[in-house]
Structures are given as C-alpha cells and as structure tokens.
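Inside the fold
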Amino acid sequence: MTSEQDQATIPDFSQFATVPLCHRPTPIEPMTRLSEHLGGPNLYIKRDDCTGLASGGNKTRKLEFLLGEALAENADMLVTQGAVQSNHVRQTAAAACHAGLKCHALLERRVDGQPPEYEQSGNVLLDKLFGATYEYRPSGLDMNAEAQTVCDQLKAQGHKPYFIPGGGSNSTGALGYALCAAEIQEQNRHSDTPANWLVMGTGSTGTQAGLLAGFAACRSNLPVLGVSVRQPREKQIAAVHALTVATARRLGVQKFDVNQVIVDDEYVGEGYGMPAASTVEAISLTARLEGILLDPVYSGKGMAGLIGNVRKGFFKPSDNVLFLHTGGSAALFAYESVLLKAMS
Ligand SMILES: *Cc1c(COP(=O)(O)O)cnc(C)c1O
C-alpha cells in the first residue's frame, strides 16, 4: 500500500500496561430489517455487547487498561462506584475475580421509586455472585469523593485499594475506547461499506471521549454522535471534551476542538435510569427486528437517539451509520415490571 489514504495511522498502545479481557475485534453486522423498517440510511451495529467479561459491554475495554494500572501498582483490591444497577460495577467485580483481587463498590440510590427487583436482580445479583462487597449511598453526593474517602479508610486498615472512578471514565479507562477507535478504523479500511457516522449512548463520557481521542490519534475524522442518557447537552459536551483532551494527550495529540464533540440530549426522558417511551420502543424494535437485546438505561436510549435522528432526516439516505452497542442487557431483569407495564 503506497497512497497515504491506505496507510493506517495507529497510535502506540504498547506503552500502557493492560490485562487482556476483551474478545476482539467485536463484529460489525448489518441491521437490515431495522434499516428497511425505518426506510433510512444503512444501519450497522458494532457488537461491544459481545466483548466478553460477565455478559459483555463497554466497561471491558476500559478495564483492560485500568486493571493493567492496578496490577502495576500492586493493588490488592479494586474500589469503584456506580448506580445500584451499574454495569460498570458488575464488570469491575468480574475483572477483580479474574485477577484475584477483591472488589468493593459504593452503590448510589440514584433512581427513586424502583420496584424490589431493582435492588436485588440484574447487575446486583451478579455483583453478589462475584463476591463483591458493597455499601449504599443516597443520591446526589459526589460519589467519586465518597469512594476516595473509603479508599483512605481501607489504606489505613492496611489494604492497597486501586480507585476506579464511576464508569471507569478517566484517561486510563478511556484509552480502551481509543484502542476501539483504531479497531473501527481497521474494520472500515477493509469494508466495502465503511461507516461514516458512529452513534452511541453517552453517560460518564469515557466511551465517547476515548473514541474521539482515538480517532484524532488515527487521523480519522469519523463523526461520533453521543446520545446523552443523563445530562443536558452543554454539560455533557464540556465533560466529554475535557476527558477527550486528557486522553488525546496520552496518545501524543495536543489539541482537540470542542466543536468536534456532538451530543444529542433529546432522548434522556425523565432522567438517568428512567426509560422513556422512546427507550422502550427502541428496545422492542431492536429485539423484534434484529433479535438483539438492548438495555433500559444506556443502549436503549442510544438506539432511541439513532432511530429518532433517522426519522428526522438527520442522516443522508446513502450514509452508513454504525451503532456502537455498549451492552447492558444484564439490567433488563431489574426493570421487569417497568418494561412489562410499558409493553402492555
Ligand atoms: C457505562 C455504559 C454506557 C456509557 O458509557 P460511558 O463511557 O459511561 O459514557 C453505555 N452503555 C452501557 C451499557 C454502559 O454500561
């Protein structure tokens, strides 16, 4: 290959400590029936619900780098935080088991008025299965600060905790998605229908920031549309931008323009962890047309954003739009009554 276009620019990831956890590359599949149903552009799905590690999801890729750093620091336990039905806590607990470490989690009761299965089934059941210890917090606290305080107490007791922020979203965790950007770039290079848009749900920002940093390092300008699951647009853009800059620096990219951060906040509904009508529609359409499971907190809202933007005519009919499936189906059973009611 001689022309510059054919030459892949892949940043050097070997400078970072990692632990292999991820099944890669995750496949990219056409969503033929959903594309037909919507009469829109060609829709594809990247199956990061199939990354492995305790039913998969996007935290696997972040944990490869986070666990690498934890082991390099001789930690004996992972400490993290999340909402009660956090996929991140479930996957961190599994990663700890894999490495022979303990896991302690702070669970925030972020979502009010939930049925009993919300505190017992889904991810919570799996946290227990992995032997993680946990404690609860009411909503509205600075959860990363709470977890840091717990780390200090654990250190005083002689433990060597490694702190992982909510969602694994610091520049170390985000490197996992920078590496995923390089993976997508490679898949695009070998595809007859390369994606020209990437869409996914965005929460604690590590996924979108890592992708943006990775594409910048790869000198790709593939646009990334983040569908907010929680915060208003401006706040989410600022948060994604800050982490993109920090992550890009670690890959030798010194600048990243805030105008390149694209966020749509029209699919949040009433708030984090509360599926909107559009979320439930997206979950059932994707199940019935593609046989693929989404979740009520993240990927369901991300897909609602994709479907909504197709219907609005945001994409060109000739576009190849790639949806990043970030996982989360383990939470479906914790939303049993909410989903049954919405589908009845
Ligand atoms: C954590 C999570 C997200 C959001 O990723 P962030 O990096 O936190 O923005 C999306 N989907 C699922 C299923 C998740 O668990």
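Look a little higher up for the structure.
As a starting point, this report considers the structure included with it. The model shown is predicted, which means the values in this text are computed figures rather than measured ones. (Residues numbered from 1 in each chain as written. Predicted model: local features only at pLDDT ≥ 70, side-chain atom pairs only at ≥ 80, totals over all residues. Heavy atoms only, no water.)

**What to know about the nonpolar core**
When a protein is soluble and globular, its nonpolar side chains tend to lie buried together. Core analysis: the biggest nonpolar cluster contains 41 residues, and M303 and L306 have the highest contact counts within it. Taken together, the elements giving at least two residues each to this core come down to α1 (32-38), β2 (42-46), β4 (102-109), β7 (197-202), β8 (224-228), α10 (277-290), α11 (299-311) and β10 (320-324). By size, the runner-up hydrophobic cluster in this structure holds 24 residues, among which are I184, M200, L222 and V263. (Core = buried A, V, L, I, M, F, W, Y, C linked by side-chain atoms within 4.5 Å. Buried < 20%, exposed > 50% of the residue type's maximum accessible area, 1.4 Å probe, protein only. Helix = DSSP H or I, 4+ residues; strand = E, 2+ residues; numbered from the N terminus.)

**A word on the site of the ligand**
Around the ligand there are 16 residues in total, and K59, K62, S204, T207 and T326 lie nearest to it. One of the side-chain N or O atoms of K59 is found 2.8 Å from an oxygen atom in the ligand. The separation between an oxygen atom of the ligand and a polar main-chain atom of G206 is 3.3 Å. Spatially, the ligand is embedded in the largest pocket. Contributing elements (two or more residues each) for the shell around the ligand: α2 (59-72) and α8 (206-217). Taken together, the residues of the shell around the ligand sort by class into 1 nonpolar, 12 polar and 3 charged. (Near = heavy atom within 4 Å. Polar contact = N/O pair within 3.5 Å; in protein donor to acceptor, adjacent residues only side chain to side chain. 1 Å grid on protein atoms, 1.4 Å probe; cavity = no way out; pocket = protein on both sides within 12 Å on 5 of 7 lines; lining within 4 Å. Sits in = over half its atoms within 2 Å of the grid points. Nonpolar A, V, L, I, M, F, W, Y, C, P; charged D, E, K, R; others polar.)

**Remarks on helix α3 (residues 87-99)**
Taking 1.5 Å as the rise per residue, α3 with 13 residues should run 18 Å; its terminal C-alpha atoms sit 19 Å apart, in good agreement. Listed in full, the buried residues belonging to α3 are N87, H88, V89, R90, Q91, T92, A93, A94, A95 and A96. Buried positions along α3 lie against α2, β3 (77-83), β4 and α5 (122-129). N-cap assignment for α3: the residue whose side-chain oxygen lies 3.1 Å from the backbone N of H88 is S86. Trailing α3 by a residue or two, G100 shows a phi angle of about 75 degrees, which is positive. (Expected span 1.5 Å × (residues − 1). Contact = heavy atoms within 4.5 Å.)

**Let's talk about the side chain of D319**
Locating D319 in the fold gives a position in the loop between α11 and β10. A relative accessible area of 3% means that D319 is categorised as buried. Within the structure, D319 has its side chain in polar contact with the side chain of N196 (distance 2.7 Å). Within the structure, D319 has its side chain in polar contact with the backbone nitrogen of K316 (distance 2.8 Å). When neighbours within four sequence positions are excluded, D319 is seen to be in contact with P41, N42, N196 and W197.

**Description of the sheet that holds β3**
In spatial order, the strands read β5-β4-β3-β6; together these 4 strands make up an open sheet with parallel pairing. On the outer flanks of this sheet lie β5 (133-138) and β6 (161-163), each paired with one strand and no other. Between one strand axis and the next, the sheet turns through 25 degrees on average, direction left out of account. With 6 bridges connecting them, β4 and β5 associate as parallel partners. Looking at the pairing, L107 lines up with Y136 of β5. (Pairing = 2+ DSSP bridges. Axes fitted to C-alpha atoms, helices over the stretch in contact; angles between N-to-C directions.)

**Overview of the packing of α10 against helix α12 (residues 336-343)**
Their axes nearest at 10 Å, the elements α10 and α12 cross at an angle of 85 degrees. Taken together, the axes of α10 and α12 are roughly perpendicular relative to one another. In this structure, α10 uses V280, I283 and R288 to contact α12, whose residues at the interface are L339, A342 and M343. Each residue belonging to the contact of α10 with α12 can be placed in one class, and the counts come to 5 nonpolar, no polar and 1 charged. (Parallel < 35°, antiparallel > 145°, perpendicular 65-115°, else oblique.)

**Observations regarding the pattern of salt bridges**
In this structure the tally under the stated criterion is 16 salt bridges. R47 is the partner of D49 in a salt bridge, and the nearest nitrogen-oxygen pair spans 2.9 Å. Since its relative accessible area comes to 14%, R47 is described here as buried. Between E183 and R61 there is a salt bridge; the shortest N-O distance is 2.9 Å. Here R61 lies in helix α2 and E183 lies in helix α7 (residues 171-189), a separation of 122 residues in the sequence. (Salt bridge = Lys/Arg side-chain N within 4 Å of Asp/Glu carboxyl O.)

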